[in-house]
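Architecture and fold: a report
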Amino acid sequence: MGQPGYHAPVMVAEVVDVFTSPEFPDDSGPAPWIVDATFGGGGHSRALRTAGFRVLAIDRDPDAADQVKEDPGLRFVAGNFADLATLLHRASSDDAALEHPAGVLFDLGVSSHQLDASQRGFSYHEDGPLDMRMGPDAPLTAGDVVNGWSVDELTSTIRRYGEERFARRIAEAIVAARPLERTTELAAVVASAVPAPARRRRHPARRTFQAIRIAVNGELAALESGLDAALDLVAFGGRVVVIAYHSLEDRIVKQRFRIASTGCVCPPELPECMCGRTAGYRLVTRRPIVPSAEEVQANPRSRSAKLRAVERTAP
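Residues numbered from 1 in each chain as written. Predicted model: local features only at pLDDT ≥ 70, side-chain atom pairs only at ≥ 80, totals over all residues. Heavy atoms only, no water.

1. As for the overall build of the protein chain
When you go through the protein chain residue by residue, the secondary structure sums to 14 helices and seven strands. For a compact globule of 315 residues, the expected C-alpha radius of gyration is about 20 Å, and the protein chain comes in at 21 Å, within 12% of that figure. Principal-axis analysis of the C-alpha atoms gives the protein chain an extent of 65 × 60 × 40 Å. Entry remark: accessible area of the protein chain is about 14,700 Å², with carbon and sulfur atoms responsible for 51%. Of the charged side chains in the protein chain, 37 are positive and 41 negative; the average position of the first set lies 8 Å away from that of the second. (Helix = DSSP H or I, 4+ residues; strand = E, 2+ residues; numbered from the N terminus. Rg over C-alpha atoms; globule rule 2.2 N^0.38 Å. Areas by Shrake-Rupley, 256 points an atom, 1.4 Å probe, with all protein chains shown as cover. Lys, Arg positive; Asp, Glu negative; His and termini not counted. Charge placed at Lys NZ, Arg CZ, Asp CG, Glu CD.)

2. Comments concerning the nonpolar core
Ranked by internal contacts, the top residues of the largest apolar core, which has 38 residues, are Leu56, Leu84, Phe106, Leu227, Val240, Val242 and Phe257. Counting residues per element, the ones that place at least two in this core are β1 (33-36), β2 (54-59), α4 (84-91), β4 (103-107), α11 (206-217), α12 (219-233), β5 (239-244) and α13 (247-260). Residue contacts for Leu56: discarding those within four places in its chain leaves Trp33, Ile34, Val35, Asp36, Arg75, Val77, Leu88, Ala91 and Leu98. One finds Met132, Ala138, Leu154 and Phe209 within the second-largest nonpolar core, a separate group that totals 30 residues. (Core = buried A, V, L, I, M, F, W, Y, C linked by side-chain atoms within 4.5 Å. Buried < 20%, exposed > 50% of the residue type's maximum accessible area, 1.4 Å probe, protein only. Contact = heavy atoms within 4.5 Å.)

3. Points about a positive patch on the surface
A cluster of basic side chains, namely Arg165, Arg201, Arg202, Arg207 and Arg303, defines a positive patch on the protein surface. Among the structural elements, Arg207 can be located in helix α11. With a relative accessible area of 32%, Arg207 lands in the partly exposed category. (Patch = residues over 30% accessible without salt bridge, like charges linked within 9 Å, V, L, I, M, F, W, Y side chains within 5 Å. Salt bridge = Lys/Arg side-chain N within 4 Å of Asp/Glu carboxyl O.)

4. Focus: the side chain of Arg60
You can see Arg60 is positioned in the loop between β2 and α3 (62-65). Looking at Arg60, the relative accessible area reads 13%, which means it is buried. Among the polar contacts made by the side chain of Arg60, one reaches the side chain of Asp137 at a distance of 3.0 Å. Other than its neighbours up to four places away in sequence, Arg60 contacts Gly79, Asn80, Met134, Gly135, Pro136, Asp137, Ala138 and Asn217. (Polar contact = N/O pair within 3.5 Å; in protein donor to acceptor, adjacent residues only side chain to side chain.)

5. Things to note about the sheet that holds strand β7 (residues 306-312)
Backbone hydrogen bonds hold the strands of a sheet together, and the pairing may be parallel or antiparallel. Read from one edge to the other, the open sheet built from seven strands follows the order β3-β2-β1-β4-β5-β7-β6, with strand pairing classed as mixed. The strands lining the two open edges of the sheet, one partner per strand, are β3 (74-78) and β6 (281-283). Strand-to-strand twist across the sheet, computed as the mean angle between neighbouring axes with direction ignored, equals 20 degrees. The pairing of β6 with β7 spans three bridges and is antiparallel. When the sheet's bridge partners are listed, Leu283 is paired in β7 with Val310. The sheet strands contacting α13 are β5, β6 and β7, and the helix crosses β7 at an angle near 20 degrees. (Pairing = 2+ DSSP bridges. Axes fitted to C-alpha atoms, helices over the stretch in contact; angles between N-to-C directions.)

6. Here's the deal with the pattern of salt bridges
Tallied over the full model, the rule gives 17 salt bridges. The salt bridge involving Asp61 is made with Arg120; its shortest N-O contact spans 3.1 Å. A residue pair is termed long-range when its members are at least 10 positions apart, and Asp61 in the loop between β2 and α3 and Arg120 in the loop between α5 (112-116) and α6 (142-148) qualify at 59 residues. A salt bridge links Asp127 to Arg182; the shortest N-O distance between them is 2.9 Å. A residue pair is termed long-range when its members are at least 10 positions apart, and Asp127 in the loop between α5 and α6 and Arg182 in the loop between α8 (167-177) and α9 (183-193) qualify at 55 residues. The class of Arg182 is partly exposed, set by a relative accessible area of 32%. A network of salt bridges, in which partner residues are shared, links Asp61, Asp63 and Arg120.

The following block contains the structure:
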């Protein structure tokens, strides 16, 4: 199930530990289903299978399907986790337990394979076409964004999704340098627009590439849709686990989990609850779990990862 060099999964042991609650796996019946909404190279799915779960694996990247090996306890569905509710409904026609799985895992962001495959156009280190699509469902390529959007549109995107303070300068430089066809061309233009002191830290194109990638793939909207569906559909006692890699993702996850785990919201001066709101979830991770120093050393791409989890406490 997957090639070892395809993608290095992050916090595998921690993911398994979070899902292995007293109720799951349950030896008294069929193994419960965990939905791995971002299959990638199958590392998390493989560990969850070893732990005794059945796994429904989802990925929008066609390359991920090639990593699936024959396993009666694993099903693979090609699709975007933004459509999680629809995908689960279809899968449940063969097994009703999939309508309300025991858990859902999201490992967000771009995979090692996508970064390392220069022809996919994700990396500012490697020369490739300006593509950045995670799957064929993405309506735009990075080239469409870079060469077709206005200065204002590029500025807004780079500032919002890249949290880049030099967004305007970068957008103006991009428009002035058009047409751009290769990742290395774009990276050089971005670097030239960033003041020298800011270029001495991490690669100056990192935030811009992140922003364009998020825009191309609609990543934040997909996260909101997929996460809402997971919270709505996961079984009583089941858990939703998310590994995020930048503040925009983590902010959405933290907010959704906080709302789900909040009960009464009446003003404190009221003598009794009038809203009738009860918390349907409890926070499993009051603070995010982060990779160990050993893991970061072995896999530097894991350094920004944050794992958050909630458990459903009400049907």
